[in-house]
Amino acid sequence: MKTGVVFQFVSLLIVCIGIIYYIQKARNGTTYVIRKIAGLEAIEEAVGRATEMGRLVHFSPGIAGLDGVTAAQTFAGLETLGMVAKLVARYGARLFVSIRVAIVLPLAEEIVRQAYMAEGAIEAYEPECVQYLSSQQFAYAAAVMGIIQREKAAASILLGGFWAESLMVAEAGFHAGAIQIAGSANITQVPFFVAACDYVLIGEELYAAGAIASGNPIKLGSIAGQDIAKLYAIILLVIGILGATAGSNFLVDLMGK
Amino acid sequence: MKSQGLMIAITFVFALIIIIDAFFAIDFISAASTEIQNWGTIIASLALALAAVNLIRIHSRRIRLRRGEWYNSVALLTVMFVQTAIGLVNRSTGEVYNFGFNNIMTPLGATMYALLAFWIASAAYRAFTARSIDSAILLVAATVVMLGNAPIGESIWSAFPSIKTWIMDVPNMAAQRGIMIGGGIGAIALGLRILMGIERGHLGGSDE
């Protein structure tokens, strides 16, 4: 084994085993109740409002790609895009999905197309509703801002990895009078979303959004399994606090192994 | 649905190789991991062609139908084709090719970034309104932090920098770490759902 990763490997195993155990329990029929997330509840209301007003629903899966540590945020956004697209297809609203990373484009197109098919509204599907704008961060932001303001979007859903463009896009949505639901695990961008958006999914809520929205008991089992991982983190924190208070660095040393 | 099963199997095997490579020093796994990541880069580059097709299709249709502000689409396609032609002739390191980037893209990007200050002011004006106890706490904390950061704060009261440091290092850091731990665990759970084929939304598919 490589040096310095033993503790990480053991921790990963503990977290994975905890989550898989709960997934298996859910498969065997155990049901879990997960608290409701206000932002998710608001998505249907936002799509309904856009339908009544005959205006656009904007969705962005963020500006992260499908590789590296931020990929999970893009996948989380794409999981929720399926739900949003189904609602849009069901209500007959207009959807616009803005894309910054080229490799996300075919995935988003397929998700939206399948959602329209699932709702039996494939004739209403417009390939133009998923659009690649630019791979340049601020060119993408400028394009999204322009589209939101020109089309007077009634809803703007921003779920994924965002950086400096988060506030620009959110402010554009605010000034267009859109209901805004945003979520990111990028800690530095969450305050901007809190300031400018109506609902914000913070950190783990973003990753859980697709699972909770689906209501699938197996997916909900995996969310419940996260509690084991949190318990493990809490135990480590308490041991670390006690050790540091007693002047011992054994946990820091252990983590470095 | 068979193709979905194949994609899930490929995802699982490739992810497993990359995970094993992160923890164990096994030569053939390391070589396979590098190869997989190289293929990822190649596929991502090919996706740019798809993106270009998407842009050309949408904007040429807009020009053909004379849809609102279609002249912007003309400008976009013109710049796109001209810059591509220059890149093919002059290469991406050429002086002519970089002229456009250095004199148009870079200043425009910097301008957008600079505009962020106004968006922050606009959002802060709304956020820092004491409409509830929560927002009042936010207002007070933010005011103290700003005064702690600005030299004038220390001139008013010498304790401002210390209070600011405490706010940033204790309650702020505790909240940030809580969110980061939760986010990390959430990302692992999402990864497991994808690898186990439970989450198939990104494949355009239904549930397990």
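What you see is a predicted model, and the numbers here were worked out from it, not measured in a lab.

## Observations concerning the interface of chain A and chain B
In this assembly, 59 residues from chain A lie in contact with 48 residues from chain B. When residues of the side of chain A that touches chain B are assigned to their parent elements, the largest contribution, nine residues, is made by helix α9 (residues 217-245) of chain A. Residue composition of the side of chain A that touches chain B, by class: 37 nonpolar, twelve polar and ten charged.

## Structural notes on the domain arrangement of chain B
Looking at chain B, the domain boundaries give domain 1 (1-90) and domain 2 (128-198). Measuring from the centre of the C-alpha atoms in domain 1 of chain B to the corresponding centre in domain 2 of chain B gives 36 Å.

## Thoughts on the pairing of strand β1 (residues 56-62) of chain A
Residues and elements named next belong to chain A. For β1, a buried count of seven out of seven residues is recorded, marking the element as mostly surrounded by other parts of the structure. Where β1 meets strand β2 (residues 94-99), four bridges bridge the pair, whose relative direction is parallel. Pairing of Leu56 across the sheet is with Arg94, part of β2. The β-α-β motif built from β1, the intervening helix α3 (residues 71-91) and the parallel element β2 has right-handed crossover chirality. Where β1 and strand β4 (residues 155-161) come together, five bridges link them in parallel fashion. Within β4, the position partnered with Val57 by the bridge is Ala155.

## Overview of the nonpolar core
Counting 108 residues, the largest nonpolar core has A:Ala108 and A:Val112 as the members making the most contacts within it. Once residues within four sequence positions are removed from consideration, A:Ala108 is found in contact with A:Pro61, A:Leu78, A:Leu81, A:Val97, A:Ile99 and A:Val130.

Cut-offs used in this document
Residues numbered from 1 in each chain as written. Chains lettered and ligands numbered in written order. Predicted model: local features only at pLDDT ≥ 70, side-chain atom pairs only at ≥ 80, totals over all residues. Contact = placed C-beta atoms within 7 Å. Helix = DSSP H or I, 4+ residues; strand = E, 2+ residues; numbered from the N terminus. Nonpolar A, V, L, I, M, F, W, Y, C, P; charged D, E, K, R; others polar. Domains from an automatic or database assignment. Buried ≥ 20, exposed ≤ 12 C-beta atoms within 10 Å, placed from the backbone. Pairing = 2+ DSSP bridges. Right-handed = clockwise from strand over helix to strand, strands pointing away. Core = buried A, V, L, I, M, F, W, Y, C linked by C-beta atoms within 7 Å.

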